[in-house]
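Examination of the molecular architecture
Below, each chain spelled out in residue letters.
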Amino acid sequence: MTQFAGAARILWRLLESKGIDPVPIYAQAGIDAAVLHGQRARIGVDQMDQVWTQVTALLGDDCIALEMPEFWRPGDFQALDHAWLASTTLEGALSVLVRYLEVVDQSGRLRLVRSPRGTALCGMQPRLGLKDHAMFREGVVAVFVHMARLIAGPDLVPLEVTFRGPAPSCAGRYAPWFGCPVQFSAPNDCVLFDQRDLTRPLSAQADVGVVIERILFKEVARLRACEGIAGRVQALLADAMPSGKVGLGDIAAFLTISPFELKRRLRREGTSYRAELDAVRRAFASQYLSDSSLSLIEIAFLLGFSEQSAFSRACRRWFDAAPSELRKR
């Protein structure tokens, strides 16, 4: 498993601000500084696990997580940052984050939990074999709240923040920083936002967000391609969609295998060609429908449908509504 070097760069800057040379710390984990600062640099999750272990022991500051947002820079998380900044609502930004987190970190998992009070962005238990670093978890939450304030305004205040770990010695600093009650020893790491803050329109460039989210989808497919044939099919479909060459035979030819062999391999992974094509079309449909500059006919073409009526039928199946109705929501 790998992750973008964004979090590693944030920690690097933080260490330098403390007068600590990060080079030997990262080198001990097998991370080359030159590679770390590459534009599309990815590093092993297990390597950063070693770095966090060393840094936690070295700093000995329970509240260092609250300093991490100061060292985040737009672009640290590549296209995900730009899609976030281009979101038209905070709810949309959180949805992009949950959907494409694996582009940033293949070991990371997030989910949105809705309740009468609002919607919470929650982390999930770490994957087996990885250590649980409170500094990392709490720092990530702080960075996300900082990013939320960048697009929703500095006055954005969550309703509540919870952390899995026990209260640190400096627990009193957390509530003033987040601006809300903070609970420790909770079942999960969560940030609860008021629904009114989530749905309030933001001044962002929606068309830019659509383009960047397409890039993110293709990046997810590229990463999954390393794991099996289904991921490779999704990556190829994402590229071929506008050309209309999305037939089973077209993709099989790209893979230099027979259509029968492609179906057999997909079946072995518990899926089918039709299911993968449907998933890619559905993901792009939700993006294109939010772009008012695209007509419904253009969207149908971009999704590889031969006619608009076929796209309309697919929309009713996916979203239980016609494309024109979805645009009014």
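In this text the structure is predicted, and so the values were computed from the model without any measurement.

A low pLDDT means the predicted coordinates there should not be read in detail. Averaged over the protein chain, the pLDDT score is 83; the fraction of residues at 70 or greater is 87%. Helix H10 (residues 206–225) is the least confidently modelled element of the protein chain, averaging 58 in pLDDT, while strand S5 (residues 160–162) averages 97, the highest of any element.

All right, on to the state of the cysteines then. Inspection of every chain in the model, using the stated rule, returns two disulfides. What pairs with Cys-122 in a disulfide is Cys-190, and their sulfur atoms sit 2.0 Å apart. Torsion about the S-S bond of the Cys-122 and Cys-190 cystine: about 115°, corresponding to right-handed handedness. Taken together, the residues Cys-122 in strand S4 (residues 118–123) and Cys-190 in strand S7 (residues 190–194) connect sequence positions 68 residues apart. Judged by its relative accessible area of 4%, Cys-122 is buried. The buried category is assigned to Cys-190, whose relative accessible area is 13%.

Now for the sheet that holds strand S6 (residues 182–183). Within the open sheet, the five strands sit side by side as S3-S4-S7-S5-S6. Their pairing is mixed. Edge positions in the sheet fall to strand S3 (110–115) and S6, since each has one partner strand and no second. Bridge analysis of S4 against S7 gives five bridges, and the strand direction is antiparallel. In the sheet register, Thr-119 faces S7, and the bridge partner there is Phe-193. Seen against the sheet, helix H6 (residues 90–104) touches S3, S4 and S7 and runs at an angle of roughly 140° to S3. On top of the sheet, helix H7 (residues 134–152) reaches S3, S4, S5 and S7; it is set at about 20° to S7, its chief contact.

Criteria and thresholds
Position numbers for residues start from 1 in each chain and track the written sequence from start to end. Confidence filtering applies because this is a predicted model: local features only for residues at pLDDT of at least 70, side-chain atom pairs given and counted only at 80 or more, and all residues used for totals across whole chains, interfaces and linings. For side-chain calculations, the full set of non-hydrogen atoms in the structure is used, while hydrogens and water are omitted. A residue's pLDDT is simply how confident the predictor is in it, with values from 0 to 100. In this description a helix means any DSSP run of H or I spanning at least four residues, a strand means any run of E spanning at least two, and both kinds are numbered starting from the N terminus. The rule for a disulfide is simple: a pair of cysteine sulfur atoms within 2.5 Å. Each residue is placed in one exposure class: buried if its accessible area under a 1.4 Å probe, protein chains only, is under 20% of its type's maximum, exposed if it is over 50%, and partly exposed if it falls in between. One requirement defines pairing of two strands: DSSP has to find at least two bridges between them. By the convention used here, residues are in contact when the closest approach between their heavy atoms is within 4.5 Å. Axis angles are defined between N-to-C directions and span 0 to 180 degrees, where every axis is a line fitted to C-alpha atoms and, for a helix, only to the segment in contact.

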